[in-house]
Each structure stands twice: as structure tokens, then as C-alpha cells.
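Coordinate analysis (summary)
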Amino acid sequence: MKKTIQWLAVLLGVQLLLALGVGFSDSALSGSQQGGGALLSFDKTAIDRITLEGPEHDKLVLVNKDGRWRLPEAGDFPADSERVTQLLDRLAELTRGDVVAASRSAHERFKVGDAHFERRITLAEGDTPQATLYLGSSPALRRLHARRQGDDAVHIVELALFDLPLRVSDWQDKALLTLPPTEIAAIDLDGLRIERLQQDASWTARPLPEGMRVNSDAAARLSRQLADLRFDAVLGQEAKPEYGLKTPLLQLKLTRRDGTSVDYLLGQAADQEAYTLKVSSHPEYFRIPNWSAQELLATARREALLEAAAADTAASADRSQ
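Quick caveat, the model's predicted, so the values are computed rather than measured. (Residues numbered from 1 in each chain as written. Predicted model: local features only at pLDDT ≥ 70, side-chain atom pairs only at ≥ 80, totals over all residues. Heavy atoms only, no water.)

1. Regarding the confidence of the model for the chain
Threshold: Confidence scores labelled pLDDT are given residue by residue by the predictor and lie between 0 and 100. Only heavy atoms matter for contacts: two residues are in contact if any of them lie within 4.5 Å across the pair.
Taken over all residues, the pLDDT of the chain has a mean of 87, while the share at 70 or more is 85%. Segment residues 312-321: pLDDT under 50, and two contacts once partners within four positions in sequence are set aside and those in other chains are kept.

2. Thoughts on the sheet that holds strand β16 (residues 261-267)
Selection rule: Two strands make a pair as long as DSSP finds a minimum of two bridges between them. What counts as a helix is a DSSP run of H or I of at least four residues, what counts as a strand is a run of E of at least two, and both are numbered from the N terminus. As a rule, the C-alpha atoms of each element are fitted with a line to give its axis, helices using only the stretch in contact, and angles between N-to-C directions run from 0 to 180 degrees.
If you walk across this open sheet you meet the eight strands as β12-β11-β10-β15-β16-β17-β18-β14, and the pairing is antiparallel. What marks the edges here is a single partner per strand, and that holds for β12 (203-206) and β14 (233-234). With five bridges connecting them, strand β10 (residues 184-189) and strand β15 (residues 250-256) associate as antiparallel partners. Paired with Ala 186 across the strands is Thr 255, a residue of β15. Its contacts with the sheet place helix α3 (residues 216-227) against β10, β11 (192-196), β12, β15 and β16, and it is angled at close to 100 degrees to β10. Sheet strands touched by helix α4 (residues 290-299): β15, β16, β17 (275-279) and β18 (285-288). Its angle to β17, the strand with the most contacts, is close to 70 degrees.

3. Digging into helix α2 (residues 81-93)
One turn of an α-helix holds 3.6 residues; hence residues three or four places apart share an orientation. The test is simple: Here the expected length of a helix is defined as 1.5 Å per residue gap, with one fewer gap than residues. Under the scheme applied here, a residue whose accessible area is under 20% of the maximum for its type counts as buried, over 50% as exposed, and between as partly exposed, the area being computed with a 1.4 Å probe on protein chains only. Relevant arc is that of directions from the helix axis to the C-beta atoms, nothing else.
With 13 residues, α2 ought to run about 18 Å at 1.5 Å a step, and its terminal C-alpha atoms sit 18 Å apart, in line with that. Among all positions of α2, only Val 84, Leu 87, Leu 88 and Leu 91 are buried. Projected down its long axis, α2 carries its buried residues within an arc of 95 degrees, all on one side. Away from the buried face of α2 by more than 90 degrees, exposed residues Glu 82 and Glu 93 are located. Looking at the packing, one finds that the buried side of α2 touches β1 (49-53), β2 (59-65), β3 (68-71), β6 (119-125) and β7 (128-135).

4. Side note on the nonpolar core
Heads up, the rule is: Nine residue types can take part in a nonpolar core, namely buried Ala, Val, Leu, Ile, Met, Phe, Trp, Tyr and Cys, and a core is a set of them joined through side-chain atoms within 4.5 Å.
In this structure, Ile 194, Leu 226 and Tyr 264 are the most contacted members of the largest nonpolar core, which totals 35 residues. With five residues, the single largest contributor to this core is α3. Counting 28 residues, the second-largest nonpolar core is a separate cluster that includes Ile 47, Leu 62, Leu 88 and Leu 91.

5. Focus on the pattern of salt bridges
Our working definition: For this analysis, a salt bridge means a side-chain nitrogen from Lys or Arg found within 4 Å of a carboxyl oxygen belonging to Asp or Glu.
If you walk through the whole model with that rule in mind, you get 19 salt bridges. Here Arg 90 makes a salt bridge to Asp 163, at a shortest N to O gap of 3.0 Å. Here Arg 90, found in helix α2, pairs with Asp 163, found in the loop between β9 (154-157) and β10; they are 73 residues apart in sequence, far enough to count as distant. A relative accessible area of 30% means that Arg 90 is categorised as partly exposed. Residue Arg 148 pairs with Asp 151 through a salt bridge whose shortest N-O separation is 3.2 Å. Arg 148 sits in the partly exposed class, given a relative accessible area of 24%.

Have a look at this one:
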């Protein structure tokens, strides 16, 4: 009789454990009943404000003004619109994957709580939030725990924190100074004007010293370097002595096919390695990579742009004058 009671007690305990397990399972899965759908619901075309926040109260804001994404914390400096578009696309494509927890008590453990998170992304239209996503710890490479605001379920999504930097410099449009090479019509420097000939895309120069001609390869190389200029950092809008622009290493004027022109100044302080670029079309001063500045200086030398003319070419030029 005693053994029967013991067995009944064990059976009752097993049944209770099973009941608790089923109850827990139902609770854990309650947040993923609609599994497989989009994690966030928003209209990409309506979003004009993105706020990224980090765990140390770091914050970065991107705002779409007049059709262009800008960084208000950096004086509305243009943002990399392609990168912003990619971010919105990736957020729109996130799906409700595996649910690792569904209780509010688990939010802190996975770093997706309202106050403790690795990233909080708020997408808004004007001042009205359209979607908010919390990103936390990483269970694997390029995977993050994620939770949308208003939902207790914690999912695993395909994202990485380095895709969501909080530094302004990481979102600046580094291609701001670039332009199509074919738009460059002429370059004036060191008393020399080199011009592109429209009929065959070769180059000419004036005034040409006697017995000299323009090195078309060098002129084309200089044109490409100016067309593809990119910067490392924005130094602000205040001129400083350490920029070395009072006695620039290079000074030139670029004329576009539409007749507009842009002045370039490249400087370097005597006791520093960094190079500073000032372009008249923008109020900011830019730091450009050392290798880029050195290549530009080497190509823009008068000696590199001119070469000795062949005897028959020189004679032909004399006859035409």
C-alpha cells in the first residue's frame, strides 16, 4: 500500500511537470504565432527621420531634407544616401525568425530592454515614430537578438552592430567632391591652362613653351584624380593655421563643361603629415588621405603635364602660327 502511494505521488509530480512545461511552451511561443512575417511594419518612402542610439547615451540622427539625407548634428552635412537607403531596405526585409524568449524578464539578459540595449533604432515620419527596434547581444556572426517595441518576443535577426555605427563621420557622404570625369573641360594651374578637346577626348594646353606639348596621359590622369577626390574627415568651417593654406602646396581652378568653375587649395602644415583641402563650392575644410594628396601633387606638376614635342610636330605648330 505504501509503495502504491509513492508511485501515485511520482505520477502526480510528472503530470504537474508536464502541465507546467506545456504552459511555459505556450507562453514562450505566444509572441511568434505569426512567425515568418516582417518584423517591422513601415513605409520606406514615408520615413524622413532615423535615430540610432547606443548603450552609453550615444545618439545619431539622420534627416531627409528636400530629398537628401543629412546629418543635423554636423550642420546638415550630406549623409551617404546610398548607405541610408540600404539600412532602410535591410530593416524592411527583417523577418520574425527564431524566438529565443517571450517574457519581459528576458529583455535585460538579451540586451533588448527599454533602457538597456546595444542599439535602438527609431524610424519616424516627421515627429511621429513609425517603428522602433531594439538590438542586443550577438548569438553568432552577423546575428543579433532583436525586439520590436510593443512586443515581448526576442528574435534572432541577420544584422551586425558595425552596420549601425554611431559616429557622424561613418555616415558622411565621402563622395561629395566627386564628379563625372567627362564634365571637366579645363584645368588652370601654375600659369598653364589645359583643355579637353571634345572631338577626340585628348588634351591641349596654352600657353605652350616653345618645343613643348601637353602630355595627354598625364592630363587625363590629373582629370581622373580630381573627379574622384574623396575625403577622410570634415574639419569644420573655420580656417586654422595648421591647415597650411596660406602657402598652399597646390592651387588650381577646374572649369566644368557648363562654364562653372571651382577653386582647389591643398595645404599641409610644416610639422604635420595630414593634408587639408579647401574647395570653393563647399564651406567646409576636408582632410584627404596622404596617398591621395601625394599622387595629386605629383601629377599636377608642370613638368609632368608637359613633354618635349617631336620635331615634325614642332615644325607643324610653327607653320600654323
